Amino acid sequence: MLVIMEEKATPEEVEEVMERIRALDYECHRIEDEKGVVIGAIGNGRGRHRLQVVECLSGVERVVPISSPYKLASRETKKVKSYLKVNDIEIGNGRVVVMAGPCAVESEEQLMETAGAVSEAGASILRGGAFKPRTSPYSFQGLGEEGLKLLAKARERFRLSVVTEVTNPQDVDLVASYADILQIGARNAQNFSLLKEVGCVGKPVLFKRGMMTSVEEFLMSAEYILSEGNGKVILCERGIRTFETSTRNTLDISAVPVLKEKTHLPVIVDPSHAAGDWKYVSSLSMAAVAAGADGLLIEVHPWPERALSDGSQSLKPDRFRKLMNDLRQLARLMGKDA
Ligand code: PEP
Ligand code: MN
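The numbers attached to residues start from 1 for each chain and follow its sequence in the written order. Written order decides the labels, with chains lettered from A and ligands numbered from 1. At least 70 in pLDDT is required for a residue's local features to be given in this predicted model, at least 80 for side-chain atom pairs to be given and counted, and no such filter applies to totals for whole chains, interfaces and linings, which use all residues. Heavy atoms from the whole structure form the basis of all side-chain values; hydrogens and water molecules are not counted.

1. Regarding the coordination of the manganese ion (ligand 2)
Consideration 1: Donor selection uses N, O and S atoms within 2.8 Å of the metal (3.2 Å for Na, K and Ca). Since no water is included, sites may look incomplete. Of the protein atoms, only C103 (SG), H273 (NE2), E299 (OE) and D310 (OD) coordinate the manganese ion (ligand 2), at distances of 2.0 to 2.4 Å.
Consideration 2: Mapping the donors of the manganese ion (ligand 2) onto the primary sequence gives the spacing C-x169-H-x25-E-x10-D. Pair noted here: C103 is in the loop between β7 (97-101) and α3 (108-121) and D310 is in the loop between β14 (295-299) and α11 (317-333), with a separation of 207 residues, a long-range link.
Consideration 3: We call a residue buried when its accessible area falls under 20% of the maximum for its residue type, exposed when it is over 50%, and partly exposed in between, using a 1.4 Å probe and counting protein chains only. The exposure class assigned to D310 is buried, which follows from its relative accessible area of 18%. Counting from the N terminus, the helices are the DSSP runs of H or I reaching at least four residues and the strands are the DSSP runs of E reaching at least two.

2. Describing the site of ligand 1
Consideration 1: Every residue lining ligand 1 is accounted for by C103, R127, K132, E165, Q183, G185, A186, R187, K208, R238, H273 and E299.
Consideration 2: Separating an oxygen atom of ligand 1 from a side-chain N or O atom of K208 is a distance of 2.8 Å.
Consideration 3: Reported accessibility uses the Shrake-Rupley method at a 1.4 Å probe radius. Residues are deemed covered only where the shown protein chains occlude them. For ligand 1, the accessible surface in isolation is 290 Å², of which the surrounding protein chains cover 97%.
Consideration 4: Any residue outside Ala, Val, Leu, Ile, Met, Phe, Trp, Tyr, Cys, Pro, Asp, Glu, Lys and Arg is labelled polar, Gly included; the first ten of those are nonpolar and the last four are charged. By residue class, the composition of the shell around ligand 1 is two nonpolar, three polar and seven charged. A cutoff of 4 Å decides nearness: a residue is near a molecule or strand if any of its heavy atoms lies inside that distance of it. By the criterion applied in these results, polar contacts are pairs of N or O atoms within 3.5 Å in which, for protein atoms, one can donate a hydrogen and the other can accept it, and in which residues neighboring in sequence qualify only through two side-chain atoms.

3. Some thoughts on the sheet that holds β14
Backbone-to-backbone hydrogen bonds join strands into a sheet, with any given pair of strands oriented parallel or antiparallel.
Consideration 1: Strands are treated as partners if at least two bridges between them are detected by DSSP. Strand order in the closed barrel formed by eight strands is β7-β8-β9-β10-β11-β12-β13-β14, with parallel pairing between adjacent strands. Taking the axes of each pair of neighbouring strands and ignoring which way they run, one obtains an average angle of 25 degrees across the sheet.
Consideration 2: Both strand β13 (residues 267-269) and β14 contribute to a ladder of two bridges, which runs parallel. When the bridges of β14 are listed, I268 appears paired with G295.
Consideration 3: The sheet contacts of helix α8 (residues 255-262) involve β12 (233-237) and β13, and relative to β13 the element is tilted by about 165 degrees.
Consideration 4: Contacts are residue-level and defined by heavy atoms, with any inter-residue pair within 4.5 Å sufficient. Lines fitted to C-alpha atoms define the axes here, with helix axes fitted over just the stretch in contact, and angles between the N-to-C directions of these axes take values from 0 to 180 degrees. Docked against the sheet, α11 engages β7 and β14, running at close to 175 degrees with respect to β7.

So, in structure tokens, the structure goes:
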């Protein structure tokens, strides 16, 4: 249920309503925007009728049911778009935010070279995996904490924010102590214990759609993070598995407007893992921005032929620079910055 407070409701009235809701064994989520306070009462549905009585409390405008199964992610609960701040970068607020870097952190030389190039080209966030979820146990698994330290070094040197993946619940605190944004990868889109764990930290989460999750399942998974109290979730479409084999995955471009309609959360696109081939990355990036994406996550490597993972889909720095220039023009056309 949503309890919509009157615009002039006092903090005491809001608190009184929240106490009544909690007494009925419902969790309260306070959502505030310029139109006032809305309280999301989330529970298992028992005692729902008794919840209706809060409508009589002072300061309450009305009580309405939330029909969507993803209560906190839903646009029904929050009409105004959410944006979040990572250092001085706003994600979801009228700017196309580009996160770029290697698939995996491989060495200091590789990371510094890439970070310098993407920063110069205009990216604001550096990506790079230190813990890599690889399909094969024999593939490079990432440098672990040493990789996190290199990311922290690159952040200092190039004044970039850092996004990096966390693959298991025990590593969440460690990764959060180095990263500005925690990435949850496609393979963990339904790893509910991991989702709950990142829901308990204060850092933003870049949450990737699973390769076999529907939009609804994706949003139900996002709900695991939100319901633990972390509202700083960025959704990322990265391609889904279809019968088509000419690309690594099929970029579900329609997921962008669909997600934007159904949720208030920022939506970005990863064209690299969708395409699996650097040749298609620029076109898909432009398509994503044209479809309304709030940002992009792009793999860049100075020496793709030597990359320890995903070299074939990584852009070289000069191509990335060209793409950034094209994106700036497109963003301007759409009334955004890049
Ligand atoms: C990645 O971003 O490096 C990655 C592993 O992506 P995904 O989880 O989308 O496969
Ligand atoms: Mn990759």
